[in-house]
Structures are given as structure tokens and as C-alpha cells.
Amino acid sequence: MFFVLSKLLLIFIFPFTWILIFLLAAAFLRKPKLKRRFFFAALIILLIFSSPFLLNQFARLWDVQPEPLKKKSYSCAIVLGGFSSVDGNGKGYFNPAADRFIEGLKLISTGKATHLLITGGSGSLLNQRFKESVWVKTQLELVNVPDSCIIIEDQSRNTFENAIFSKRELDKHQLSPPYLLVTSAFHMRRSLRIFRKHQVDVIPYPCNFLEGRGNFMASDLIPSADPLSTWNIYIKEVVGSVAYYFK
């Protein structure tokens, strides 16, 4: 139920949804005072969430930075799914979060990790046939990663289940901690909390930084449409962190 609700209610946390709601309210309300209030509320939300500068500042505070690696090699790098999608023909493809795959591949190729654990089944409400980790394993094999170095977990649907099922696989294969946790920087804060809550000793290995890594530019003060979509990702993470805390 938690999984289904998290998908269905997602649209109501996005800034554009509230901008649209307030504009519709301003259009249909009859009282001029209320019309102005809703219109200005929509305008303020639009200005805040279309600001590249504000997004960058928030990303700097929220994103988890990488920690120095103290060991030459780790027994396993846990790569969280969410970096591939499925097309209309049921075939997998890499999406914009593919940096997770790239960094995992670099870790195994350079000997920083002796095993890769790919965790992720289907996070879709409609398509349960496509198992992300199963497909990712085929892609690793294409670039000659030995089958003995690949561990997959194809039952989890979200980060909470990623941690539960990953721990089972790690214990099953008797891989010693600590483990490298590979996921997007915006997703790392919530992931660390959940994995550590389930007694999985992990070291953050963030990648796929979306914002907050460049120097300030004057253009950051100019409103843009791009931050609106990126804010969706960060707001989802914040709300998800709060929801998991109470869950």
C-alpha cells in the first residue's frame, strides 16, 4: 500500500502542480481579493522554483559529498537501480541517471570493488515484468565483467526494499563490510539513512550530481524552466526522507 500511494500521490508535491492549482483558483474565483492572492501565490512559487541560484544553493546543502576511500579494495559496491528504463517493446535502456552504472563499472574495472551488487526489480505500477537488475547484468556481461563478480537482487521496488534485500544477498555471499554505496548525490542522504538503519555498513559513493557543483554565474539569477523539473527530484527526496522516517 505504501508503494502504491507513494506513486499515486507524487504529482501533488511538485511545484508546477501548485502553480497550476493557484492559477485555476485565480481564474475561477469571483472575489477580486482572493483572485489576487492566488495569482500572486502562483507567481511567487514560480519565481522561487525557476531560480537556478536557489536550486544550486539547496543542492549544495542536500547532496552528500564523497568520502575518502581508506581501503585499496572493497568487497562489494552496491549500485542502486533507477538508472535504466523500459521502452514500449519491453526492452531496457539507460536513462539520465546512468552515471550510477558508469561509476559501478569503474569501481569493478579498477579493482576498487571485487563485486558489484545491482539492486532493483521493477519500480513501475504497470510494468512488473521488466526487472532492472537482470537487464543490467546483461549490460555488464557485454563489457566483459565476469559473471562471478556480479550479484543481482531483482525483487525490490524502492530504496527501503533495496536495503532489506541487499543485506540478504551480502550475508548470503559472505562479503565483509564496509561496502561502497553507489547512487545519485541527491538520493544518497535518504539511502544512507535507510541502509544504515538495516545494519548495512556503507560508505557513500555519490555520483550523477545534478546541481551545486559549479561556480556562481550571473545567468543563475535569471529564471529558467529547467530548475522546475530538477526541483521535482529534490522535493521527492525530501518528502521521501520524511515519510521513511515516520514509517
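Residues numbered from 1 in each chain as written. Predicted model: local features only at pLDDT ≥ 70, side-chain atom pairs only at ≥ 80, totals over all residues. Heavy atoms only, no water.

(A) Just the packing of helix 2 (residues 15-28) against helix 3 (residues 32-49), in detail. Packing of helix 2 against helix 3 leaves a shortest axis separation of 8 Å and a crossing angle of 160°. Put simply, helix 2 runs roughly antiparallel to helix 3. Viewed along their axes, helix 2 and helix 3 form a crossing whose handedness is left-handed. Contact with helix 2, carried on its side by Pro 15, Trp 18, Ile 19, Phe 22, Leu 23, Ala 25, Ala 26, Ala 27 and Phe 28, involves Lys 35, Phe 38, Phe 39, Ala 41, Ala 42, Ile 45, Leu 46 and Phe 49 of helix 3 and no other residues of that element. The residue makeup of the contact of helix 2 with helix 3, split by class, is 16 nonpolar, no polar and one charged. (Axes fitted to C-alpha atoms, helices over the stretch in contact; angles between N-to-C directions. Helix = DSSP H or I, 4+ residues; strand = E, 2+ residues; numbered from the N terminus. Parallel < 35°, antiparallel > 145°, perpendicular 65-115°, else oblique. Left-handed = near helix turned anticlockwise from the far one by under 90°. Contact = heavy atoms within 4.5 Å. Nonpolar A, V, L, I, M, F, W, Y, C, P; charged D, E, K, R; others polar.)

(B) Region of the structure containing the pattern of salt bridges. Going through the model one piece at a time under the given rule, you end up with five salt bridges. The partner of Asp 171 in a salt bridge is Lys 167, with the nearest N and O atoms 3.6 Å apart. Within this pair, Asp 171 and its partner Lys 167 are both found in helix 7 (residues 159-172), separated by four residues, close to a single helical turn. Among the residues examined, Lys 167 registers a relative accessible area of 28% and is labelled partly exposed. (Salt bridge = Lys/Arg side-chain N within 4 Å of Asp/Glu carboxyl O. Buried < 20%, exposed > 50% of the residue type's maximum accessible area, 1.4 Å probe, protein only.)

(C) Inspection of the sheet that holds strand 1 (residues 77-80) at higher detail. Within the open sheet, the five strands sit side by side as 5-4-1-6-7. Their pairing is parallel. Looking along the sheet, the strands with just one partner apiece sit at the ends: strand 5 (150-153) and strand 7 (202-207). With strand direction ignored, the average angle separating the axes of adjacent strands in the sheet is 25°. Judged from the six bridges that link them, strand 6 (residues 179-184) and strand 7 form a sheet pairing that is parallel. Bridge assignment links Val 182 to a residue of strand 7, and that residue is Tyr 205. Against the sheet, helix 5 (residues 99-109) engages strand 1, strand 4 (116-119), strand 6 and strand 7, with an angle of about 155° to strand 6. Across the sheet, helix 6 (residues 132-142) lies against strand 4 and strand 5, angled at about 165° from strand 5, the strand it touches most. (Pairing = 2+ DSSP bridges.)

(D) Broad picture of helix 6. Looking only at helix 6, the buried set comprises Glu 132, Ser 133, Trp 135, Val 136, Gln 139 and Leu 140. Taken around the axis of helix 6, the buried residues stretch over an arc of 155°, which confines them to a single face. Looking at the buried side of helix 6, the elements it contacts are strand 2 (84-86), strand 3 (92-94), helix 5, strand 4 and strand 5. Looking one or two residues beyond helix 6, the residue adopting positive phi is Asn 144, at roughly 70°. (Arc of directions from axis to C-beta.)

(E) Up close: the packing of aromatic side chains. Scanning the entire structure with this criterion turns up 14 aromatic pairs. Each ring, one from Phe 160 and one from Tyr 244, has its centre 5.9 Å from the other, and the planes form 10°; the classification is stacked. Within this pair, whereas Phe 160 is found in helix 7, its partner Tyr 244 is found in helix 9 (residues 226-246), the two being separated by 84 residues in sequence. Looking at Phe 160, the relative accessible area reads 25%, which means it is partly exposed. Connected via pairs of aromatic rings, a cluster forms that spans Phe 49, Phe 58, Trp 62, Phe 186, Trp 231 and Tyr 234. If you follow Arg 189 out to its NZ or CZ, it ends over the ring of Trp 62, 5.0 Å from the centre. (Phe/Tyr/Trp six-rings, centres within 6.5 Å; stacked < 30°, edge-to-face > 60°. Lys NZ or Arg CZ within 6 Å of the ring centre and 35° of its normal.)

(F) Region of interest: the nonpolar core. Ala 77, Leu 107, Leu 116, Val 136, Leu 140, Val 145 and Val 182 are the most contacted members of the largest nonpolar core, which has 24 residues in total. Residue assignment for this core shows that the elements contributing at least two residues are strand 1, helix 5, strand 4, helix 6, strand 6 and strand 7. Element by element, the count of residues in this core is highest for helix 5, at four residues. If you look at the next biggest cluster of nonpolar residues, it comprises 18 residues, including Val 64, Leu 80, Leu 175 and Val 200. (Core = buried A, V, L, I, M, F, W, Y, C linked by side-chain atoms within 4.5 Å.)

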